[in-house]
Every structure is written in structure tokens, then in C-alpha cells.
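# Observations on the model geometry
Residues per chain are reported as follows:
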Amino acid sequence: MSKHQADFSARLTAVRSALKSAGVDALWVSQPENVNYLSGFSSPEDAKALILPDAAWLYTDGRYTLQAAQESAIPVFIARSPETLQHAAPLLSGLKVGFEMQHLTVAELGALQAHWPTEPAPLSGVVERLRLIKSDAEVQLIEQAQAIADAAFAELLPMVKVGAREQDLALALESAMRRLGADGPAFETIVASGVRGALPHGRASDKVLAEGELVTIDFGARLGGYFSDSTRTLALGEVSESQRRMYTAVLEAEETALAAIKPGVRTADLDALAREVLGRYDLADAFVHSLGHGVGLNVHEGPGLRSTSEEVLQAGMVITIEPGVYIEHLGGVRIEDLVLVTDEGSRVLSHSPKERF
Ligand code: GLY
Ligand code: MN
Ligand code: MN
């Protein structure tokens with residue numbers, strides 16, 4: 001058995017055991033990244049999977065006959081719905097089947113009900129929970145994606161200067177990531193300078209960088225289905241005392257949270273720690289999003305690092321730490337690192353240099 005097959009059979013064993021605990025025998029998988037996770041098929045947005053107690057099927061259509069045969073670790077059935085559902089129906093006889101309630105439309109549920117012998121049961125997060133802990137091979141891909149992003153950012157740095165256009169910087173960064181081996185950007189690169197920095201997800205615009213501004217660049221690469229995610233905020237020449245103070249506060253919040261990462265820590269407590277630091281600078285209200293999130297086959301996945309999160313850090317999780325402050329008419333700062341939780345504590349995977357005042 002190849003290493004590849006060994007990985008997927010372990011995943012199937014784990015998902016079957018999770019299904020048993022959830023009180024069902026089978027799972028209809030419609031969340032694309034979950035389909036990829038369980039089969040290895042790299043176009044999962046055009047596929048579904050069926051996990052049975054002693055079999056598993058990947059369903060996709062004729063455009064992917066060759067690709068699915070090459071990539072899928074589980075048997076493939078080529079058809080379009082409702083033929084796929086008709087193929088599954090006799091396999092489900094006498095079984096209780098679950099579906100992913102967050103990833104099925106009302107129309108799709110209606111089709112399952114129309115074709116299958118038993119009423120499917122709504123389930124939530126079964127495969128996502130397995131994906132929380134990354135294997136060594138998954139960590140390697142995430143780390144490689146981040147290394148490509150860091151190398152591209154190093155190439156970009158000399159271009160980040162007064163007179164440059166935000167859109168040109170985003171394009172240069174994305175093109176460098178591709179040239180350096182990425183499959184593509186992880187998301188639309190964020191470049192937000194000056195007062196636009198107050199937009200946490202400010203798309204790169206035609207604004208030109210000006211002296212005395214801060215510029216936030218949030219970038220990631222995609223590789224083998226996995227993502228990286230990191231952010232740096234840079235100063236263009238001399239910045240004001242209030243900008244400097246914002247930056248210092250965010251850096252201190254980030255470093256405080258980074259230092260506290262280890263297995264057993266509640267993610268809500270990490271979020272609180274960063275908020276506490278920003279509170280000391282009277283900037284807690286300007287931190288308008290959560291501290292971070294898991295990264296893997298999705299840029300945003302579990303665990304969540306927010307005040308309402310109930311998750312606890314475990315070795316093998318890959319998370320971001322990304323405090324930020326955003327003030328209308330003044331601008332914003334975000335600093336984001338990608339971190340692997342290890343048995344000993346943590347290992348930061350992102351290495352782009354940080355501005356220090
Ligand atoms: N780039 C999106 C985020 O940092 O979460
Ligand atoms: Mn980001
Ligand atoms: Mn992020």
C-alpha cells in the first residue's frame with residue numbers, strides 16, 4: 001500500500017468511527033474540502049462522496065473521468081445527479097445515513113429524500129473535526145505554501161514605497177507566488193494603505209502609497225489544496241505618534257498571544273489575552289475581529305480563536321494569530337503569523353520580517 005493510500009484509509013477509519021459515535025452508519029459528503037480530504041480528488045467542488053461502513057464512493061462527472069481515476073483513493077462512479085443518487089440508493093438499504101447540514105441546499109436535500117430508502121439525518125462538523133489535527137504531510141504542504149508566500153513577499157519589499165499603486169503590489173505578489181511554485185493565491189491579496197488601512201479586508205485599489213502612511217499587506221499561497229495566511233504592516237517613511245502607538249500595541253498583543261500557544265490552552269483565552277494587551281492601550285474596541293482561525297484545506301477552518309470558541313489547542317493544529325486595530329480616518333494595523341501547535345508549545349511557520357519601531 002502506498003503512503004498515499006495509507007493516509008486515506010486512516011481517514012476513512014476515523015470518519016467511520018466518528019459516524020458511529022454520531023449514531024449513523026453512512027455519510028453523504030458534499031462539503032468540497034471534505035470530499036478532497038476523504039478521496040484526494042483535487043476538483044471536489046464538482047464531486048460528492050459517500051462513506052459506507054465497508055465501502056466508499058467518489059461521485060463526479062464525465063469531465064473528470066481521467067483525473068478522478070488518477071487521483072482518487074476511493075472507487076469512482078462517473079455520473080450526474082440523480083444517477084449518482086440512484087447508484088447510492090441500494091447501497092444505503094437498511095442503513096442510517098447522515099448529510100452535512102451546513103453544506104447541502106434545500107433542493108439537494110429534497111433530491112436525497114426523493115431517491116433514498118431512508119430519511120437522511122442532519123450532521124454537523126464530523127469531517128471538519130478530524131481535519132483539526134494535521135498529519136506531517138499536511139503540515140509540510142502548509143509550511144511550503146507559507147515559505148513560497150514569504151519568498152514572494154521578500155521580492156515585493158523593495159517595491160513597497162511611496163508612489164506604488166496598491167493593485168500593482170498585489171499583482172506583483174500574486175505573480176511572484178505563482179512563479180515560485182504556488183498553485184495560486186490563497187485569497188484575493190489585501191493591500192490597504194493610509195486611511196484605507198481601517199478596512200480590515202480592504203481590497204487592493206488604485207490608491208498610491210504616500211509618505212507617512214502605514215500599509216497592511218495580507219497574503220497567502222495555495223499549494224496542493226492547502227493554504228498559507230500571513231499579514232505584515234509596513235511604515236512608509238516617518239509615521240505619526242498615533243500610528244506608531246497602534247503598531248506597538250498590535251505587535252505586543254500578537255507576541256503575547258504567540259508566547260502563550262501550547263496544547264491545553266483554550267482558544268478563547270488566547271483571544272482574551274490579546275484583547276487585554278490592546279485594552280491597556282485603549283484600543284480594545286478597535287480590534288473588530290477574532291484573534292485567528294485554523295488553516296488547512298480551507299483558509300478559514302477550525303479551531304476558531306474568538307471569545308465564544310469552546311475549542312482547546314492540541315498538537316497538530318495550524319492556526320493564525322492576527323490581532324488588528326482599525327480606526328476610521330486614521331488607518332489600521334494587522335500583524336498575522338501562521339503557527340503550528342506542537343507537543344512542546346508552538347512553531348511559527350511564517351518568517352517574513354516585521355516592522356520594528
Ligand atoms: N486573509 C484573511 C485572514 O487573514 O483571515
Ligand atoms: Mn490573512
Ligand atoms: Mn487569517
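Parameters and conventions
- Residues numbered from 1 in each chain as written.
- Chains lettered and ligands numbered in written order.
- Predicted model: local features only at pLDDT ≥ 70, side-chain atom pairs only at ≥ 80, totals over all residues.
- Heavy atoms only, no water.
- Pairing = 2+ DSSP bridges.
- Helix = DSSP H or I, 4+ residues; strand = E, 2+ residues; numbered from the N terminus.
- Axes fitted to C-alpha atoms, helices over the stretch in contact; angles between N-to-C directions.
- Donors = N, O, S within 2.8 Å, 3.2 Å for Na, K, Ca; no water.
- Tetrahedral: all angles 85-135°; square planar, octahedral: opposite > 155°, others 65-115°.
- Buried < 20%, exposed > 50% of the residue type's maximum accessible area, 1.4 Å probe, protein only.
- Contact = heavy atoms within 4.5 Å.
- Near = heavy atom within 4 Å.
- Polar contact = N/O pair within 3.5 Å; in protein donor to acceptor, adjacent residues only side chain to side chain.
- Areas by Shrake-Rupley, 256 points an atom, 1.4 Å probe, with all protein chains shown as cover.
- UniProt positions renumbered as here; feature names shortened; annotations may be inferred.

Labelled according to an unreviewed UniProt entry, the protein chain appears under the name Aminopeptidase P family protein, originating from Deinococcus psychrotolerans.

Read from one edge of the open sheet, three strands run β8-β9-β12, paired in antiparallel fashion. The open sheet has two edge strands, β8 (190-193) and β12 (230-235), and neither has a second partner. On average, each strand axis in the sheet is inclined to that of its neighbour by 10°, with strand direction left out of account. Judged from the four bridges that link them, β8 and strand β9 (residues 214-219) form a sheet pairing that is antiparallel. The partner of I190 across the bridge, within β9, is D218.

For the manganese ion (ligand 3), every protein donor is listed as D229 (OD), H293 (NE2), E322 (OE) and E336 (OE), and the spread of their distances is 2.0 to 2.2 Å. One can describe the site at the manganese ion (ligand 3) as irregular: its six donor atoms subtend angles covering 52 to 158° at the metal. One chain supplies every donor for the manganese ion (ligand 3), spaced along it as D-x63-H-x28-E-x13-E. The distance between the manganese ion (ligand 3) and the manganese ion (ligand 2) comes to 3.3 Å, with D229 serving as a donor to both metals. Here the residue H293 occupies a position in strand β13 (residues 292-294), and E322 occupies one in the loop between β15 (318-321) and β16 (324-327), the gap between them amounting to 29 residues. No difference in accessibility class separates H293 from E322, as the two residues are buried.

Sheet strands associate in pairs through backbone hydrogen bonding, adopting either a parallel or an antiparallel arrangement. The three strands lie next to each other as β7-β10-β11, forming an open sheet whose pairing is antiparallel. Lying at the two open borders of the sheet, with one neighbouring strand each, are β7 (184-185) and β11 (226-227). Relative to β11, strand β10 (residues 221-223) runs antiparallel, the two being bridged by two bridges. Residue pairing for β11: R222 is matched across the bridge by F227. Lying over the sheet, helix α7 (residues 136-156) contacts β10 and β11, oriented at roughly 140° with respect to β10.

What follows deals with helix α2 (residues 32-39). With six of eight residues buried, α2 lies mostly within the body of the structure. What α2 keeps buried is the set N34, V35, N36, Y37, L38 and S39. Where α2 terminates, the next one or two residues include G40, which has phi positive at roughly 85°.

Turning our attention to the site of ligand 1. Taken together, F187, H201, D218, D229, H293, H300, E322 and E336 form the complete shell of residues around ligand 1. Between ligand 1 and the protein, one listed contact pairs a nitrogen atom with a side-chain N or O atom of D218 at 3.0 Å. When the free accessible area of ligand 1 is taken as 190 Å², the share hidden by the protein chains comes to 94%.

A few words now on the UniProt feature "domain: Creatinase N-terminal" (unreviewed entry) in the protein chain. According to UniProt, the positions carrying the feature "domain: Creatinase N-terminal" (unreviewed entry) are residues 11-133. Measuring from the first to the last C-alpha atom of residues 11-133 gives 11 Å, for a span that is 42% helix and 20% strand.

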